[in-house]
Amino acid sequence: MTLNNSFLPILLGSDMNAYGMARAFHEAYGIKPLVLGRMNLSATQDSKILDFQVIPRLNEQDVFVPALIKVASEHPNQKLLLLACGDDYAKLIIKNKQELLPHFAVPYIDESLMERIVLKENFYEICEQYGFSYPKTALCTFENKDEFNMDFTYPIIIKASNSVAYWNCSFPGKKKVFVAHDLAEKNAIIKAIYESTYKDNLTIQEFIPGDDSFMRVLNAYVGKDGKVKLMSLGNPILEEHSPEGIGSYAAIINTFDEALLDKVRFFLEDIGYNGFANFDMKYDSRDGEYKLFEINLRNGRSSYYVTASGHNLMQYVADDHMLNIPQQLTYAKDKHLWMIIPKGVLFKYGKEGPLLDEARQLIEEGKVTNHLYYSEDFSPKRWVKLTLNNLNYYRKYKKYFNNKGLS
C-alpha cells in the first residue's frame, strides 16, 4: 500500500460495488475515498476506509451537478476522480460531462456514444456491425403491448430496455428480470410492468439454455488514450435468485478466452470508448457462441473479482488519470474465487462439476475473497451486520432458488 493524498476518488453509490471500489483504492494508495449517495446502505456502513456523505435526491438532474460542484469546492487542493457505482449515476455523469470536467477527472464516454449503446435495441445493432452473437430479440412498446408477439418460442426473458427508468418504478412482484413460460405468463408480466410508472420499451429475448455457470462477465478498462489497458473475464458459478437480486453474480472464478478478449478489445477501441466497460453474456451450447446481453458504462457490481485476482481495477483508472503512469495491455489470467455468499450456499446450490471442484481447490489454496470482509476495516459492529446479511442468503436461496435456472 502506497499512501497518496494528492488525489481523492469521489464514488457515487452505496452498494457492494461502492465498497469494493473504495477497498481497491485503499489497498492501492492507502486513501479513503469520499462516497456520496442518497442513503448509506449496509455495504458501506460503519466503515473506516471511506467517508460517506448522504445527499438526498442525488440521482436527480436538478440536484446532481450543483451538489457535485459544491463537493468539489470543499476539496480545493486535491485532484478529484469522479466514478459511478451504478447505471443511473454513470448516465448522469455522461449527460453532464462538460459541466463536471472543470472540477473532476471524468473517465467516461461522451453522450453521443452513450446514446448509441445505452438502450438494448441500439446495442444489438452494434453487435450486428461487429459480429457479436446475441439472443433472438424483440421489442415491446407501451403502444403495442396489447398486440405484441415474437417469432421465437418460450421460455422467454422480459426485461426493461431503460434500466434507470425501471429502477425508479415500483409494482407488486417486481423483478430485475422476468422469465415467462407461456402466453398467459408473458401477458401478465407485461401488464404488471406497464401499470407502473415505467412506460419505456421492454426487451423480449429467447432464453439461452444452461444454468448460472453458463454465464460470463467481462470487465475492461480503456485508457484516456483510447487503448484498452486491462481485460478480465469471469465465469460465474452462481447468481442471486431473489426478485431484487436475480441476474446479479454471487460467486465468480476468473477464466480466460483470448479470442473473445481480442474481439471485445477491437470493438471498444474502434467505437472510441474510454473508461470502464462491463459486459454480460452467456455461452450457448447449441452453437458454441457467447450471446451478449448488454454493455454497462461502468465497472460491474461484482468487479472486485478482478482486483481480488491481483489486478487492482481502481489502480488502472487512478494511475492513468491522476498519476499519469503509462500502462500496457494486460489480459488477466490469474485464478481466484470471488464470492459474496457463504460457502455452504455455494456448495449446496452450485452445479456439481469441474467449476465447483475448482472452487473447492481455490478455497484450499486460500485464493478466495468476499470483498465486504476486509481486515483493514474491522469493527465488531460492521462484522455483526455483514455476518447477519451473509447468513440471510441461506433463507433467500431456500425460498427462491430454482435449479432449472428459470427464476
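Residues numbered from 1 in each chain as written. Predicted model: local features only at pLDDT ≥ 70, side-chain atom pairs only at ≥ 80, totals over all residues. Heavy atoms only, no water.

**Student:** So what about the sheet that holds strand β8 (residues 202–206)? Which residues, and what values?
**Tutor:** Pairing between the strands of a sheet is mediated by backbone hydrogen bonds and can be parallel or antiparallel. One open sheet holds the four strands; their spatial order is β5-β8-β6-β7, and the pairing between them is antiparallel. Each of the sheet's edge strands pairs with one partner strand only, and the pair in question is β5 (137–140) and β7 (178–180). Pairs of neighbouring strands in the sheet enclose a mean axial angle of 30°, with direction left out of account. Where strand β6 (residues 156–160) meets β8, five bridges bridge the pair, whose relative direction is antiparallel. When the sheet's bridge partners are listed, A160 is paired in β8 with L202. (Pairing = 2+ DSSP bridges. Helix = DSSP H or I, 4+ residues; strand = E, 2+ residues; numbered from the N terminus. Axes fitted to C-alpha atoms, helices over the stretch in contact; angles between N-to-C directions.)

**Student:** How would you summarise the packing of helix α1 (residues 16–29) against helix α11 (residues 313–321) if you had to cite specific residues and measurements?
**Tutor:** For the pair α1 and α11, the least separation of the axes is 8 Å and the interaxial angle reads 65°. One finds that α1 runs roughly perpendicular with respect to α11. Crossing angle aside, the handedness with which α1 passes α11 is right-handed. Residues M21, A24, F25, A28 and Y29 of α1 touch α11, and the partners they reach there are M314, Q315, V317, A318 and D319. Of the residues in the contact of α1 with α11, the class split is eight nonpolar, one polar and one charged. (Parallel < 35°, antiparallel > 145°, perpendicular 65-115°, else oblique. Left-handed = near helix turned anticlockwise from the far one by under 90°. Contact = heavy atoms within 4.5 Å. Nonpolar A, V, L, I, M, F, W, Y, C, P; charged D, E, K, R; others polar.)

**Student:** I'd like a rundown of α1, residues and numbers included.
**Tutor:** Its 14 residues place the ends of α1 20 Å apart at the C-alpha level, agreeing with the 20 Å of an ideal helix rising 1.5 Å per residue. In terms of residue burial, α1 counts as a mostly covered element, since 13 of its 14 residues are buried. In the stretch just after α1, G30 is the one whose phi turns positive, near 70°. (Expected span 1.5 Å × (residues − 1). Buried < 20%, exposed > 50% of the residue type's maximum accessible area, 1.4 Å probe, protein only.)

**Student:** Now, about the sheet that holds strand β3 (residues 51–54): what can you tell me, with residues and values included?
**Tutor:** In spatial order, the strands read β3-β2-β1-β4; together these four strands make up an open sheet with parallel pairing. Edge positions in the sheet fall to β3 and β4 (79–84), since each of these pairs with one other strand and no more. Geometrically, the sheet is characterised by an average inter-axis angle of 25° between neighbouring strands, direction not taken into account. With three bridges joining them, strand β1 (residues 7–12) and strand β2 (residues 34–37) adopt parallel strand pairing. From the neighbouring strand, L11 faces β2, where its bridge partner is V35. Those strands touched by α11 are β1 and β4, and its axis lies near 140° from that of β4.

**Student:** Kindly report on the packing of aromatic side chains, identifying the contributing residues and their values.
**Tutor:** Under the definition given, this model contains 19 aromatic pairs. Ring centres of F142 and Y194 lie 5.4 Å apart, and the angle between their planes is 75°; on these two criteria the pair is classed as edge-to-face. On the criterion of sequence distance, the pair formed by F142 in the loop between β5 and β6 and Y194 in helix α8 (residues 183–194) is long-range, its members being 52 residues apart. A ring pair is formed by Y397 and F401, whose centres lie 6.3 Å apart and whose planes are at 35°; its orientation type is tilted. (Phe/Tyr/Trp six-rings, centres within 6.5 Å; stacked < 30°, edge-to-face > 60°.)

**Student:** Before we move on, can you summarise a nonpolar patch on the surface with the specific residues and values?
**Tutor:** Taken together, F378, W383, V384 and L388 make up a surface patch of nonpolar side chains, about 420 Å² in accessible area. Tracing the sequence through the fold places L388 in helix α14 (residues 380–400). (Patch = residues over 30% accessible without salt bridge, like charges linked within 9 Å, V, L, I, M, F, W, Y side chains within 5 Å. Areas by Shrake-Rupley, 256 points an atom, 1.4 Å probe, with all protein chains shown as cover. Salt bridge = Lys/Arg side-chain N within 4 Å of Asp/Glu carboxyl O.)

**Student:** Give me the lowdown on the side chain of K396, citing residues and values where you can.
**Tutor:** By secondary structure assignment, the location of K396 is in helix α14. Apart from residues no more than four positions distant in its own chain, K396 is found in contact with S242, E244 and F401.

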